[in-house]
Amino acid sequence: LYFFILCFLLNIAKKTYAQTVHFQLWNQIFITNQISKKFSIQSDGGFRLNESGLENNFQRLVRSMAIYKISTEWSIWVGMAYFETENQKWNQFLPEWRPVQRIQWQRKLNKTVLMVRNRFEQRFRKGLDASGQETAFRLQYRFALQAQIT
């Protein structure tokens, strides 16, 4: 828990910037296989289209995660993702591997679900510089509230 608090504080301390995006389309399919009460595997695949300014990016992805339920509310996820990004500006596909770790808290209240997620990714991708490789780290925080309307 202290690790995630530290990562969150370090993340908000750095300079942030806004992205200007004119159009985005994300299509994805998820498949979950329940192995036992505590273990499951979730796989997903899809594509994303992002049109921002003069650049049009098309991205394909495949990801698989092993899930361990610590309790009814807490779960830990570990997995790997593969992305291919076509950047029309440079007219090439950029492959990327992403080992992923995630901790999630989720509570169901009647017809409403409250979810908080921290995801940490290491990104190993083909770069456009002379070295040909680029490595990055990404910490994602997500808060979600799902409610049944009917």
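Bear in mind the structure is a predicted one, so any value in this text is a computation, not a measurement. (Residues numbered from 1 in each chain as written. Predicted model: local features only at pLDDT ≥ 70, side-chain atom pairs only at ≥ 80, totals over all residues. Heavy atoms only, no water.)

A short note on the pattern of salt bridges
- On inspection of all chains with the given rule, the structure shows 10 salt bridges.
- Arg98 serves as the salt-bridge partner of Glu96, at 2.7 Å between the closest nitrogen and oxygen. The pair formed by Glu96 and Arg98 is uniform in burial state, with each residue classed as buried.
- We classify Glu96 as buried; its relative accessible area is 2%.
- Overlapping salt bridges, with partners in common, bring together Glu96, Arg98, Arg119, Glu121, Arg123, Arg125, Glu134 and Arg138 in one network. (Salt bridge = Lys/Arg side-chain N within 4 Å of Asp/Glu carboxyl O. Buried < 20%, exposed > 50% of the residue type's maximum accessible area, 1.4 Å probe, protein only.)

Some words on the packing of aromatic side chains
- A complete count under the given rule lists 3 aromatic pairs for this structure.
- Centre to centre, the rings of Tyr82 and Trp97 are 4.7 Å apart; their planes meet at 50°, and the pair counts as tilted. Of this pair, Tyr82 sits in strand 4 (residues 74-87) while Trp97 is found in strand 5 (residues 92-109), placing the two residues 15 residues apart along the sequence.
- Assessed through its relative accessible area of 47%, Trp97 is described here as partly exposed.
- Arranged with centres 6.1 Å apart and planes meeting at 5°, the rings of Phe120 and Phe137 form a pair that is stacked. (Phe/Tyr/Trp six-rings, centres within 6.5 Å; stacked < 30°, edge-to-face > 60°. Helix = DSSP H or I, 4+ residues; strand = E, 2+ residues; numbered from the N terminus.)

Thoughts on the environment of Ser40
- Residue position: Ser40 is located in strand 2 (residues 39-52).
- Judged by its relative accessible area of 9%, Ser40 is buried.
- Separated by 28 residues in sequence, Ser40 and Tyr68 place their C-alpha atoms 6.8 Å apart.
- Residues within four places of Ser40 in sequence aside, it is in contact with Thr32, Asn33, Gln34, Ile35, Met65, Ala66 and Ile67. (Contact = heavy atoms within 4.5 Å.)

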